[in-house]
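A closer look at the structure
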There are 2 protein chains.
Amino acid sequence: MDKLTQYLKTHPADKLHPSEIASLLKDLNEKNFDEAVKHIPKELIADVALELPDRYFDDVVDSFTSEELAQSVAELESDDQTDFIQELEEIDDSKAKEVFKKLHKDDQADILQLKQYDDDEAGAYMQVEVYAARLDHKVEDIIKEFAELKRKGELETVNYLFVTDEDNHLRYGVGLDDLLVFDFKKTLRENIGENPEKYKPVIGHDHDDIKEIVKKFQEYDLNSMPIVDEHGYLLGRITSDDIYDLISEHATDQMYNLAGVNDDAEEDDDLIKAGKARAVWLGINLITAIAASLVIGMFEGTIQSYVALAVLMPIVASMGGNAGTQSLTVVVRQLALGDIAKNDAYRTIKKEVILSLANGLLFAIIIGVIAAIWFDKGMLGVVIALSMIINLLSAGFFGSMIPLMLKKLNIDPAIGSTVILTTITDVVGFFSFLGLASLILL
Amino acid sequence: MDKLTQYLKTHPADKLHPSEIASLLKDLNEKNFDEAVKHIPKELIADVALELPDRYFDDVVDSFTSEELAQSVAELESDDQTDFIQELEEIDDSKAKEVFKKLHKDDQADILQLKQYDDDEAGAYMQVEVYAARLDHKVEDIIKEFAELKRKGELETVNYLFVTDEDNHLRYGVGLDDLLVFDFKKTLRENIGENPEKYKPVIGHDHDDIKEIVKKFQEYDLNSMPIVDEHGYLLGRITSDDIYDLISEHATDQMYNLAGVNDDAEEDDDLIKAGKARAVWLGINLITAIAASLVIGMFEGTIQSYVALAVLMPIVASMGGNAGTQSLTVVVRQLALGDIAKNDAYRTIKKEVILSLANGLLFAIIIGVIAAIWFDKGMLGVVIALSMIINLLSAGFFGSMIPLMLKKLNIDPAIGSTVILTTITDVVGFFSFLGLASLILL
């Protein structure tokens, strides 16, 4: 509380940064939070609400009226406005409608336009506030107009000029650093004319998959990208700060999917939603665990004859699960990062099989010796060693093959691959160990 | 091969993008790759080598002489030059020394300077090529000088002007879009003078932890950040494209650590290195699996009396492992993203325990009924149900507590947490199930 009040006192209103305010708020307990939130300058409320982790959102909006929220939302750019309204709709639809009504009709139109896009489309992430310079205007006039808009505070950070013709079709992109090299007395067309290839912008279309957009940002080291419709009409732009968030979010999705957790369900404090999502995956896991138990059930007689088998059997299954997870995680991540090319499947599977075989042999020897000594039975060591080799081999093979196959079927390799893999390593682990034991020991 | 040759034919030399060339090369098999690499314009070789996944690096450099490589490295910026030399040193130290010797002495000095930094320091990621404008120069002169350097190709993309005094101490940062608003006839000092707070740049120091730098980029929506030494002397800059790579790499590290895999070891095609790293984690897992087996060993008599227990016992352990992994993954990721504040530990553990308890009760009932019917023994259903509740409860508790505790001890929560957790869920799972069975059934 003290830190926040101090921060608010020592910084003039236009020097306050929403992310710094959010950082300070996060450290407060619930009581102080509700108190402190009221001290934040009203026009920053919406921005701060978006900067905080999602679970604080309702705490923030509950402290203000629709009128206050609307005034604050008006300060945001269109992409943030849309995000705010959509988040508000999820927790309090009527309040969201009130806030929306109080917005300027231009803002309303922008929000409605952006809301039409799905979460995986580029259009959902763009802001419509773009400065477009006309091809046939003189550079010095463009700079004057640009400076005027900046002075009036109508333009946020721009470092890349989008150049359109009279029909608002995007034609070129000129970095501000390149603009400074131009002859200010000539038009953009004349300046560009000598070398039009140099100013061809990297473009995104509003219905493009956002993951393709992120890839382009990374491949071409972009700071901003114009978004156009199917006719080449300039609609808006996506900037580097969006990409930072997206790369992070996509990675989080991958991590969560591998663990059987759903990002959307976890991010609020909605325990019921999160619990349900987790229950689905736990339920599927229960089914596969029962399947593995059915395998064990086939060998009840074997275990009855030699209980040591019950003591050792989880070791093989567990090592298979771990080795398989190693292969799976590496292949899933490399697929996502584009490190595995189309015809690379064979090389990838080969690499994983070799690694698993090598470690399989190593640990087969280790556990074989341990088991033989522990139960004073050499053949038991042989059985568990063979079983270890078989299971680790299958772990490496399926750990790489499952994500590659899912990818080929155009399914996200991170979803479901873990549960398919552990089913296999459990079943193969128990079956090979108990099966070999039945054959060799009894 | 065809696509690449076509690409190279249809694009003039200065329109070729290294990342596009890398994309096309990735799709070729080994024979075509070695052939195609020779067709790439020599000055792009080093850039393409850096764009390709690490395992291609030696294939590329083996196709060229030190002289050719040196000429290509000269085209890179200092941070990429340093990366290239360091990667080359790892695979062929003598060739790296040859290439280094053939570089211009200014480049050599830059590389030596950058090599001094550790991998987790900001200095390791900066490029030293920065354009610094003097505070007491007129804006129109600065623009002329800037334009001249751009025309000569001595400056890469700039969108943020670093302003220094005569001693090369960084004083201000002015976006090029803000520069265009300035009075060109006045000096920077005079233009800034009215509002110096507005042009205070977000700065990084060369020995700062790179993760803090990445955080600042995300918090302040930066495109570039000046890097200074402890005296405020401008050393270089880090740009948004570096941040895209870093966010992705840090996420990969987390994912790999949770799976017991090491990023550095996996990225080359060095199977021995990767195999060894994986063996370490598999070895630790073997020890914990044996620990769980010792627990089962305590109940050999119990299992002997009732073999159904051996059939069902992996279910409880497996469900505990899955539920624990769900909690662990969420907490580890939220810690990394800064979503969990310092005093949030209690809230986090509480949430995970509630979720686990809820799902524990649900699945206890389900498996209790299934077990009772399967083995026609009601008390067996009770035993496994109780055991399920106990294990899922401990899974949720430890799944959240372990990463929080590691974080408090300043250890990366992603490293080792998985193996600690599965040890607990296996031991608790087997002990509670077999222990309760001993008590209740026998």
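Residues numbered from 1 in each chain as written. Chains lettered and ligands numbered in written order. Predicted model: local features only at pLDDT ≥ 70, side-chain atom pairs only at ≥ 80, totals over all residues. Heavy atoms only, no water.

On to the overall build of chain A, then. When its secondary structure is counted, chain A shows 21 helices and six strands. Expressed as a percentage of the 442 residues in chain A, the buried residues total 55%. Pairs at least 24 apart in sequence give 66% of the contacts found in chain A among residues at least 6 apart. Accessible area of chain A: about 19000 Å², with a carbon and sulfur share of 53%. (Helix = DSSP H or I, 4+ residues; strand = E, 2+ residues; numbered from the N terminus. Buried < 20%, exposed > 50% of the residue type's maximum accessible area, 1.4 Å probe, protein only. Contact = heavy atoms within 4.5 Å. Areas by Shrake-Rupley, 256 points an atom, 1.4 Å probe, with all protein chains shown as cover.)

Attention shifts here to the packing of aromatic side chains. The tally for this structure, following the rule as stated, stands at 19 aromatic pairs over all chains. Relative to phenylalanine 398 of chain A, the ring of phenylalanine 397 of chain A has its centre 5.1 Å away and its plane inclined at 80°; by these criteria the two rings are edge-to-face. Owing to a relative accessible area of 25%, phenylalanine 398 of chain A belongs among the partly exposed residues under this scheme. Within the aromatic cluster, the residues linked to one another by ring pairs are Phe217 and Tyr244 of chain A together with Phe217 and Tyr244 of chain B. Of note, lysine 377 of chain A hangs over the ring of tyrosine 306 of chain A, and the distance from its end group to the ring centre comes to 5.0 Å. (Phe/Tyr/Trp six-rings, centres within 6.5 Å; stacked < 30°, edge-to-face > 60°. Lys NZ or Arg CZ within 6 Å of the ring centre and 35° of its normal.)

Once chain B is rotated about the relating axis by 180° and shifted along it by 0.0 Å, it coincides with chain A to within an RMSD of 0.1 Å. As the rotation angle and translation indicate, the two copies are arranged about a two-fold axis. Residue by residue, 99% of the interface of chain B is reproduced at the interface of chain A, so both copies engage with the same surface. (Least-squares fit on C-alpha atoms with pLDDT ≥ 70 in both.)

Time to look at the interface of chain B and chain A. Between chain B and chain A, the contact holds 117 residues from the first and 116 residues from the second. Carbon and sulfur atoms supply 62% of the area that chain B and chain A bury against each other, a total of about 9800 Å² over both sides. Where chain B touches chain A, the interface holds ten salt bridges. Here aspartate 344 of chain B ties to arginine 55 of chain A by a salt bridge, and the two come within 2.9 Å at their closest N and O atoms. The element that contributes the greatest number of residues to the side of chain B that touches chain A is helix α18 (residues 308-336) of chain B, accounting for 18 residues. Residues that form the side of chain B that touches chain A fall into these classes: 60 nonpolar, 29 polar and 28 charged. (Buried area = accessible area lost by both parts, 1.4 Å probe. Salt bridge = Lys/Arg side-chain N within 4 Å of Asp/Glu carboxyl O. Nonpolar A, V, L, I, M, F, W, Y, C, P; charged D, E, K, R; others polar.)

Another point: the packing of helix α7 (residues 78-91) of chain A against helix α8 (residues 93-101) of chain A. Residue and element names in this part refer to chain A. Viewed as axis vectors pointing N to C, α7 and α8 meet at an angle of 145°, and their least axial separation amounts to 6 Å. In this structure, α7 uses Ile85, Leu88, Glu89 and Ile91 to contact α8, whose residues at the interface are Asp93, Lys95, Ala96, Val99 and Phe100. The class makeup of the residues in the contact of α7 with α8 is six nonpolar, no polar and three charged. (Axes fitted to C-alpha atoms, helices over the stretch in contact; angles between N-to-C directions.)

Right, let's talk about the UniProt feature "transmembrane region" (unreviewed entry) in chain A for a bit. Residue and element names in this part refer to chain A. Here the UniProt-annotated "transmembrane region" (unreviewed entry) positions come out as residues 279-299, 305-332, 353-375, 381-406 and 418-441. Across residues 279-299 one finds 90% helix and 0% strand; the C-alpha atoms that close the span lie 30 Å apart. The span residues 305-332 carries 93% helix and 0% strand; its end-to-end C-alpha distance comes to 42 Å. (UniProt positions renumbered as here; feature names shortened; annotations may be inferred.)

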